[in-house]
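Secondary and tertiary structure notes
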Amino acid sequence: MRLTIPEEEVLSSGHLACPGCGATLAMRLALKALGRDTIVVIPACCWSTIDGVFPNSALGVPVMHIAFEAAAIAASGIKAGLIAKGNTHTQVMAWAGDGGTFDIGIQALSGAAERNDDIIYVCYDNEAYQNTGIQRSSATPYGAWTTTTPRKHPKQEPKKNIVDIMSAHRIPYIATATIAYPEDFVRKFKKAREIKGTRFIHIFSPCPPGWKMKEQDTVKVSRIAVKSCVFPLFEIEDGKLKINIKPSRRQDVRDYLKLQGRFSHLKEEDIKRIQKEIDKNWQNLLKREEAHEG
Amino acid sequence: MKKLLIGNHAVSYGAMLSRAEVIAAYPITPQTQVVEELAELCASGKLKAQFIKVESEHSAMSACIGAAQAGARAFTATSSQGLALMHEVLHWAANARLPIVMANINRAMAPGWNIWADHIDSLAQRDTGWMQFYAETNQEVLDTIIIAYKVCERVLLPAMINLDAFFLSHTAQSVEIPEQDMVDEFLPPYNPEIKLDPDDPRAFGGLLPPKYYMEMRCKLHSAHRNALKIIEEEEKNFFKIFKRKYGLVDEFYTKDAQIIIVTSSTITSTAREFVMRERKKGRKLGLLKVRVFRPFPFEKIRGALKNCEKLVVIDRNISYGNAGIFATEIKSALYGFRNVPVFGFVAGLGGRDVQLEDIEGMVDFARKKNFSKDEIWWGLKK
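Here the residue numbers are simple positions, counted from 1 along each chain's written sequence. Think of it this way: whatever chain is written first is A, whatever ligand is written first is 1, and the rest follow in order. Given that the model is predicted, a residue must reach a pLDDT of at least 70 before its local features are reported, and side-chain atom pairs must reach 80 or more before they are shown or counted; all residues, however, enter totals for whole chains, interfaces and linings. Computation of side-chain values covers all heavy atoms of the structure but excludes hydrogens and water.

**Describing the overall build of chain A**
- By definition, any uninterrupted DSSP run of H or I lasting at least four residues is a helix, any uninterrupted run of E lasting at least two residues is a strand, and each is numbered from the N terminus. Check the secondary structure of chain A and you find 11 helices and eight strands.
- With respect to the principal axes defined by its C-alpha atoms, chain A has extents near 60 × 50 × 45 Å.
- Pairs at least 24 residues apart make up 69% of the contacts formed inside chain A by residues separated by at least 6 positions.
- Accessible surface for chain A amounts to roughly 11,900 Å². Of this, 53% is attributable to carbon and sulfur atoms.
- A positive count includes Lys and Arg, and a negative count includes Asp and Glu. His and the chain ends are not counted in either. To locate a charge, the coordinates of NZ of Lys, CZ of Arg, CG of Asp or CD of Glu are taken. Computed over 41 positive and 33 negative side-chain charges, the separation of the two mean positions in chain A equals 2 Å. Contact between two residues is taken to exist if any of their heavy atoms lie within 4.5 Å; hydrogens are not considered. Each accessible area is a Shrake-Rupley estimate made with a 1.4 Å probe; only the visible protein chains count as cover when residues are assessed.

**Quick look at the interface of chain B and chain A**
- With 38 residues of chain B at the interface, the matching set in chain A holds 40 residues.
- Taken together, the two surfaces of chain B and chain A that pack against each other cover about 2,800 Å², and 70% of this comes from carbon and sulfur.
- Buried area adds together the accessible area that both of two parts lose upon being put together, with accessible area traced by a 1.4 Å probe. Counting the surface chain B buries against chain A, the share from its top three residues, L196, P198 and L207 of chain B, is 22%.
- One speaks of a salt bridge when a side-chain nitrogen belonging to Lys or Arg is within 4 Å of a carboxyl oxygen belonging to Asp or Glu. The tally of links from chain B across to chain A stands at two salt bridges.
- Sorting the residues of the side of chain B that touches chain A by element identifies strand 3 (50-53), helix 3 (57-69), helix 4 (80-95), strand 9 (203-204) and helix 8 (210-242) of chain B as the ones contributing at least two each.
- Counting residues per element, the side of chain B that touches chain A draws most heavily on helix 3 of chain B, which supplies eight residues.
- Three categories are distinguished: nonpolar for Ala, Val, Leu, Ile, Met, Phe, Trp, Tyr, Cys and Pro, charged for Asp, Glu, Lys and Arg, and polar for the others, with Gly belonging to the last. Along the lines of polarity and charge, the residues of the side of chain B that touches chain A split into 21 nonpolar, 11 polar and six charged.
- Between any two strands, pairing holds if DSSP finds at least two bridges. Here strand 2 (residues 63-65) of chain A pairs with strand 9 of chain B via two bridges, running parallel. In the strand pairing of strand 9 of chain B, V63 of chain A is matched with A203 of chain B.

**Quick look at helix 6 (residues 138-155) of chain B**
- An expected span of 1.5 Å times one less than the residue number is assigned to each helix. The end-to-end C-alpha separation of helix 6 of chain B is 25 Å, in line with the 26 Å expected for 18 residues at 1.5 Å each.
- Of the residues one or two after helix 6 of chain B, L156 of chain B is the one with positive phi, at around 55°.

**Some remarks on the domain arrangement of chain B**
Residues and elements named next belong to chain B.
- Each assigned domain of chain B is listed with its residue range as follows: domain 1 (2-242) and domain 2 (249-378).
- Domain start and stop points were drawn from an automatic or database domain assignment. Here domain 1 and domain 2 have C-alpha centroids that lie 27 Å from each other.
- Taken together, the contact between domain 1 and domain 2 spans 29 residues of the former and 29 residues of the latter.
- Carbon and sulfur atoms supply 54% of the area buried between domain 1 and domain 2, which totals about 2,400 Å² over both sides.
- The interface formed by domain 1 and domain 2 includes eight salt bridges.
- Residue K289 pairs with E140 through a salt bridge whose shortest N-O separation is 2.8 Å.
- Looking at which element gives the most residues to the side of domain 1 that touches domain 2, the answer is helix 8, with seven residues.
- When grouped by side-chain class, the residues that make up the side of domain 1 that touches domain 2 number 15 nonpolar, five polar and nine charged.

**Describing the pairing of strand 3 of chain B**
All names here are of chain B.
- Bridge count between strand 2 (residues 22-25) and strand 3: four bridges; the pairing is parallel. By the bridge assignment for strand 3, V22 is matched with Q50.
- Looking down the strands as they point away from the viewer, one classifies a crossover as right-handed if the path from the first strand across the helix to the second runs clockwise. In this region the chain leaves strand 2, passes through helix 2 (residues 32-43) and returns to the parallel neighbour strand 3; the handedness of that crossover is right-handed.

**Thoughts on the sheet that holds strand 5 (residues 173-177) of chain A**
- Pairing is mixed in the open sheet, where nine strands are placed in the order 8(A)-7(A)-5(A)-6(A)-4(A)-3(A)-1(A)-2(A)-9(B). At either margin of the open sheet sits one strand with a lone partner, and together these are strand 8 (240-243) of chain A together with strand 9 of chain B.

**Thoughts on the nonpolar core**
- Here the nonpolar core consists of buried residues drawn from Ala, Val, Leu, Ile, Met, Phe, Trp, Tyr and Cys, with membership extended through side-chain atoms lying within 4.5 Å. A simple rule labels every residue: compare its accessible area, found with a 1.4 Å probe on the protein chains alone, to the largest value its type can have, and call it buried under 20%, exposed over 50%, or partly exposed in between. Membership of the largest hydrophobic core comes to 149 residues, with the highest contact counts inside it found for Y256 of chain A together with M61, F75, I100 and M131 of chain B.
- With 10 residues, helix 6 of chain B is the single largest residue contributor to this core.

**A word on the sheet that holds strand 11 (residues 259-263) of chain B**
- Spatially, the six strands line up as an open sheet ordered 10-12-11-14-15-16 (chain B), and their pairing is mixed. Across the chains shown, the open sheet's two edge strands, defined by having one partner strand only, are strand 10 (249-252) and strand 16 (376-377) of chain B.

**Some points on the pattern of salt bridges**
- Enumeration according to the criterion identifies 52 salt bridges over all chains in this entry.
- R36 of chain A is the salt-bridge partner of E8 of chain A, the closest N and O atoms lying 2.7 Å from each other. One end of the pair, E8 of chain A, is in the segment before helix 1 (22-34); the other, R36 of chain A, is in the loop between helix 1 and strand 1 (38-42), and 28 residues separate them in sequence.
- Accessibility expressed as a relative area gives 37% for R36 of chain A, which makes it partly exposed.
- A salt bridge links E277 of chain A to K280 of chain A; the nearest nitrogen and oxygen atoms lie 3.9 Å apart. A residue pair is termed a helical-turn pair when its members lie 3 or 4 positions apart in one helix, as E277 of chain A and K280 of chain A do in helix 11 (residues 268-293) at three residues.
- The class for E277 of chain A is partly exposed, based on a relative accessible area of 32%.
- For K280 of chain A, a relative accessible area of 48% corresponds to the partly exposed category.
- Residues joined in a network through salt bridges with shared partners are E136, E140, E235, D250, R272, K289 and R291 of chain B.

Okay, here's the thing in structure tokens:
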């Protein structure tokens, strides 16, 4: 079998991530795919600390940190600066958490996407403000425990559908990805690299301390998320949706939930409600794909 | 070439002649013509810049930060609420030591909505690490943008050029527009050695623990202190080419003046007129215009105020619970140097006109009194 994942490591060891951090495995793969001719922009998020303490940096490519709500536009500004200086080849990648994407950063992201600024925007979604100590975000799923949605009153609202929002901006490329499917992950970043305009990649990013799960289960939870259709893998290229992994038999969402302490308080009726929501979303996705094929 | 220019267009021409490479701006009254003119200049090819039409002022400044960190010359313009929205990233630009130049059209803060001249917007950003210039004329606006880039790129600090809403922004004045080749001679292209560069990967703005943080801030402060000297140097260089100079402060009949009026921005012109009238009557009145507010030119101010008996400071702003900000800062410059009565007048807030009669009234007030503990709100309706 041909190895499709580049062997060269751009991200080095010595970073400050928690054991089993999904966002760090994701950065490793993303940089392998994009290569060294890349500039990374990081707003306030876990990765503001993961990269290391001054004067150290683990990334191996230039990185600029920026305020919480400004990842997308800072990336656009860098791209404009590079073009002004005659550099049209370097990729600029904004790398933000769900707080910096779904919540405080959505205005700048929407602005960049509407202008179709030539950037790759990645949201590593660990479904809460994990860096500040596990507070709910609009990416936190229904029923989940966080420190601001305690077990007696877990999150009542469903997760915001960020991909639909980005899709409504009619940008050239949108993809979902997870480190449990590294070939698919790398292929998507390589494809994004070849496209001009705003490219949005939504990464499923397990957080062992925040999700109250075992650190060795990051890949396992990610794989079950795809197989249970909690987090389907798909791409939207020029508006056309294609599902990348279609589980022949969808795994029960219980298998996904039981590995994570943040869901341990859920009652049977809650789980049924979650399963129903997943089924509905999956059917919608299939319908949308079919419509695009037709 | 001389041309009739409103202040906002003087800003646009200043940015164009400085060959700004990335512009990111968001419209706000009374700044809009700056953006419109720059869009025209870019569209016509007169200005070869990347123009990002952002969705907020916070994004305008963040785009400038990204562009400057990538090594490009960045420009933006804003006013009032827009400047306030930028506050977080104003700190970022200065702490990151990025030589961004911005024009701010001084306007009041809401509520109630007020689009007219007031200095509280920029003075509220006093401690963000930006250099602050306050311009009296449209010529000064245009020239200061060019000078500011030269200074910023030498000291690695951002600069804000402030001009009064409507009194300058929308008022046409005769402005000498410098020739491009002369500006190029004064202001070479910006090519910083340290920037975002895949061939030389560095991390900018990451975790800075207590062990390092304080040293970084002290360096920024030192850069401000050093900038006083650099501004004077570059003003000399500017004068050699263009025969115009402005100074950190502008002294007018200060040498033998018994009372000195201290102003900034357009109130200065009215005060200048009043001083000339008084001088014709043989009254020893002087004027000190504070043009550079950050870094604060302590020595120049002390030098100008070394002989006077009383001071009339006119503030188009108020620091609630304290006093007018210029008056407070002037007092700090006098501390341990001279004990001169400072009459701090708060006047012209929210665009209220400050006329010759007002300044005459303030000076009369100061003549009659020996001391005023508090600031005086001038022209308040009963």
